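So you can see what is in the structure, the chains are spelled out below.
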Amino acid sequence: MTSSFKRPESVLVVVVTRTGKVLLLKRADHPDFWQSVTGAMRWEERDPRATAVRELREETGLAAEPAALRDLGLTQRYPILPQWRQRYAPEVTENTEHAFALELPEETRLMLHPEHTEYGWFPFEEAVQRVASWANRRAIDEVTRRLPAGGREIVVLVHGLWLKGWCTALLAWRLRRAGFEVHFFSYPTIRAGLRENAARLHAYLATLRANTVHLVGHSLGGVVIRALFQNFPPPRPGRIVMLAPPNQGSMAARQLARGRFGRSLLGKSVMELLAGMPSEWTMPAREVGIISGTRPLGLGRLATRLPLPNDGVLTVAETALPHASVQVALPVSHTGMLLSHTAAAAVVRFLRHGRFA
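On a predicted model such as this, the values are computed, not experimentally measured, just so you know.

Criteria and thresholds
- Residues numbered from 1 in each chain as written.
- Predicted model: local features only at pLDDT ≥ 70, side-chain atom pairs only at ≥ 80, totals over all residues.
- Heavy atoms only, no water.
- Phe/Tyr/Trp six-rings, centres within 6.5 Å; stacked < 30°, edge-to-face > 60°.
- Helix = DSSP H or I, 4+ residues; strand = E, 2+ residues; numbered from the N terminus.
- Buried < 20%, exposed > 50% of the residue type's maximum accessible area, 1.4 Å probe, protein only.
- Lys NZ or Arg CZ within 6 Å of the ring centre and 35° of its normal.
- 1 Å grid on protein atoms, 1.4 Å probe; cavity = no way out; pocket = protein on both sides within 12 Å on 5 of 7 lines; lining within 4 Å.
- Points joined across faces, edges and corners; volume = space filled by probe spheres on them.
- Core = buried A, V, L, I, M, F, W, Y, C linked by side-chain atoms within 4.5 Å.
- Contact = heavy atoms within 4.5 Å.
- Patch = residues over 30% accessible without salt bridge, like charges linked within 9 Å, V, L, I, M, F, W, Y side chains within 5 Å.
- Areas by Shrake-Rupley, 256 points an atom, 1.4 Å probe, with all protein chains shown as cover.
- Salt bridge = Lys/Arg side-chain N within 4 Å of Asp/Glu carboxyl O.
- Pairing = 2+ DSSP bridges.
- Axes fitted to C-alpha atoms, helices over the stretch in contact; angles between N-to-C directions.
- Nonpolar A, V, L, I, M, F, W, Y, C, P; charged D, E, K, R; others polar.

Draft legend 1. Region of interest: the packing of aromatic side chains. Per the stated rule, a full pass over the model turns up five aromatic pairs. With 5.7 Å between their ring centres and 80° between their planes, Phe33 and Trp84 make a pair best called edge-to-face. One end of the pair, Phe33, is in the loop between strand E2 (21–27) and strand E3 (34–35); the other, Trp84, is in the loop between strand E5 (70–79) and strand E6 (94–104), and 51 residues separate them in sequence. For Phe33, a relative accessible area of 9% gives the class buried. Three or more aromatic residues joined by ring pairs make a cluster, and in this case those are Phe185, Tyr187 and Tyr204. Cation over ring: Arg130 sits above Trp34, and NZ or CZ is 5.3 Å from the ring centre.

The structure is reproduced here in structure tokens:
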């Protein structure tokens, strides 16, 4: 059968790298419309997989063997958008789409068809947010579920005392801009102890499908990460960055803990920290980088007089951890570290290369 109208049957190919990046293309005829590789089946084509191979070659220059494409088992029907309705027969209002996935070892340069103006490689989470089609979002979600661990490499942010995950939002944005997929872990900083919070983190990490999991903890969050490796060492590889962690305790917290109200304000985890529990722990079997602050602006100065250098809450000496891979001091305060472009750049370098410089 042949027709001058477009066939209302198409393919979609989610191209993903082993490091967890998804290829998206930007359409030339529709500003800000991002999508995976897509294309209509020709009237003479019988096998959607063969169409997918052809579309990959025509739209990106990628030459893939048919067997390299993984059928996602998704055959989706959706209404044809009004701006493209004239391409189809008058009675046609819906399109049927077959979804596939192609995994590549790494990002590669492409030769785009003129119907696309640019392309990008995005973390899974960002790719889902960028694509315009619900069917495309569902296909990307299916890739994260069906491909072995999705080939993903992710970063989990762990906040500090009295905070929530949203406090690390700017750092998360900068990490995403650098190409990382970022997740937030929140926990009860006051009412739960270190082992209990480590158990919560362990359970949360078990829900994430990834080959590599990096952990970045701010303040008390760094100690919770240490508690995780002491009590529930995760099997997957990844690096650890601690932002101003009270590894050696806290003078300011000890002063505050002298009163009953102060102890209740600090909570169970900090009181266990002050009692010396972490001193009995072994070093995490990971590359560990520590970032300390030297700008003395913070609430710790209201509790006691802190020796220099300090970040307003902790001294640099209190953040130290013997046998850490590397430690660096930056001109930032304890909380300002979460807002600092310089600190974020240092985190990116360590997660990528295991060093701050």
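Draft legend 2. Just the layout of surface pockets, in detail. Its boundaries defined by the atoms lining it, the largest pocket holds a volume of some 690 Å³. Forming the boundary of the largest pocket are 28 residues, of which Arg27, Gln35, Thr38, Tyr78 and Trp84 lie nearest the centre. Mapped by element, the contributors of at least two residues to the lining of the largest pocket are strand E1 (9–17), strand E4 (37–40), helix H1 (48–60), E5, E6 and helix H3 (134–146). Its volume calculated, the second largest pocket comes out at about 510 Å³. Along the wall of the second largest pocket there are 25 residues; nearest its centre are Leu161, Trp162, Leu299, Val313 and His334.

Draft legend 3. Inspection of the nonpolar core at higher detail. One finds Val156, Leu201, Leu205, Leu215, Leu220 and Leu228 to be the most contacted residues of the largest nonpolar core, which totals 34 residues. Tallying contributions element by element places helix H6 (residues 220–231) first for this core, with seven residues. Those residues in contact with Leu201, other than ones at most four positions away along the chain, are Val158, Phe185, Val224, Ile225 and Leu228. Core analysis: the next-biggest nonpolar cluster, separate from the first, contains 24 residues, Val155, Val216, Ile291 and Ala344 among them.

Draft legend 4. Examining a nonpolar patch on the surface more closely. Residues Trp162, Ile190, Phe261, Leu265, Leu299 and Leu302 make up a contiguous nonpolar surface patch of about 670 Å² in total accessible area. Tracing the backbone shows Phe261 in helix H8 (residues 260–274). On the basis of relative accessibility, which here comes to 64%, the residue Phe261 falls in the exposed class.

Draft legend 5. Summary view of the sheet that holds strand E10 (residues 212–218). The six strands are arranged E9-E8-E10-E11-E12-E13 in an open sheet whose pairing can be described as parallel. The sheet is open, and its two edges are formed by strand E9 (181–185) and strand E13 (326–330), each paired on a single side. Recorded for the sheet is a direction-independent mean angle of 20° between the axes of neighbouring strands. Bridge count between strand E11 (residues 240–243) and strand E12 (residues 288–293): four bridges; the pairing is parallel. If you follow Leu243 over to E12, its bridge partner there is Ile291.

Draft legend 6. Spotlight on the pairing of E2. When you tally the buried positions in E2, you get seven out of seven residues, the bulk of the element. A two-sided burial pattern is seen for E2, the buried positions comprising Lys21, Leu23, Leu25 and Arg27 on one face and Val22, Leu24 and Lys26 on the other. Note: E2 against strand E7 (residues 116–123), seven bridges, orientation antiparallel. In the sheet register, Val22 faces E7, and the bridge partner there is Phe122. The pairing of E2 with E3 spans two bridges and is classified as antiparallel. Residue Leu25 lies in a different strand from E3, and its bridge partner there is Gln35. Connecting E2 to the antiparallel partner E3 that follows it, the hairpin turn spans six residues, and Asp32 within it adopts a positive phi of roughly 65°.

Draft legend 7. Examining empty space enclosed by the protein more closely. Applying the stated criterion across every chain, the model contains one cavity of 30 Å³ or more. Taken as a whole, the largest cavity holds about 70 Å³ of empty space. Partitioned by chemical class, the residues of the lining of the largest cavity number seven nonpolar, one polar and three charged.

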